[in-house]
Amino acid sequence: DSGAATAHGPSQVIVYGASWCSACHQAAAYLTRRHVAFIEKDIEQDAAAAQEMREKAQRAGVPTGSIPILDVRGHVMVGFSAEAIDRALAGG
């Protein structure tokens, strides 16, 4: 076993956002409709989450000027795009 997360293991999807962010809510609602387990992290309320988001985005070469930033199984993306989420979930 490589220690990789399974469907029953830790969530493989994280939504970094804020309570006022409508695109963040859209991303969460989409994941819920797809029955994808995810964790929401409020980067305004949680300094550690904000730092974690910045570090992941920097490693991925993704700008951090807007939210949500999603980590979908290691694919870091900015903004809500159903197509991009689907591609990342499919392993593409």
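The structure presented is a predicted model; accordingly, all values stated were derived computationally and were not measured. (Residues numbered from 1 in each chain as written. Predicted model: local features only at pLDDT ≥ 70, side-chain atom pairs only at ≥ 80, totals over all residues. Heavy atoms only, no water.)

Asker: Whenever I open this one, the overall build of the chain confuses me. Can you help?
Answerer: A count of helices and strands for the chain gives three helices and four strands. Ordering the α and β elements of the chain from the N terminus gives β-α-β-α-β-β-α. Scored against the burial criterion, the 92 residues of the chain give a buried share of 37%. Here the contacts in the chain between residues at least 6 apart in sequence split such that 53% fall between residues at least 24 apart. Surface summary for the chain: the accessible area is close to 5,500 Å², and the carbon and sulfur share equals 51%. (Helix = DSSP H or I, 4+ residues; strand = E, 2+ residues; numbered from the N terminus. Buried < 20%, exposed > 50% of the residue type's maximum accessible area, 1.4 Å probe, protein only. Contact = heavy atoms within 4.5 Å. Areas by Shrake-Rupley, 256 points an atom, 1.4 Å probe, with all protein chains shown as cover.)

Asker: I'm lost on the state of the cysteines in this one. Help?
Answerer: Each disulfide consists of a covalent bond between the sulfur atoms of two cysteine residues. The final tally for this structure, using the stated rule, is one disulfide. Here cysteine 21 pairs with cysteine 24 through a disulfide, and the sulfurs are 2.2 Å apart. Judged by the sign of its S-S torsion, about 80 degrees, the bond between cysteine 21 and cysteine 24 is right-handed. Across the pair, exposure class does not vary: cysteine 21 and cysteine 24 are buried alike. (Disulfide = S-S within 2.5 Å.)

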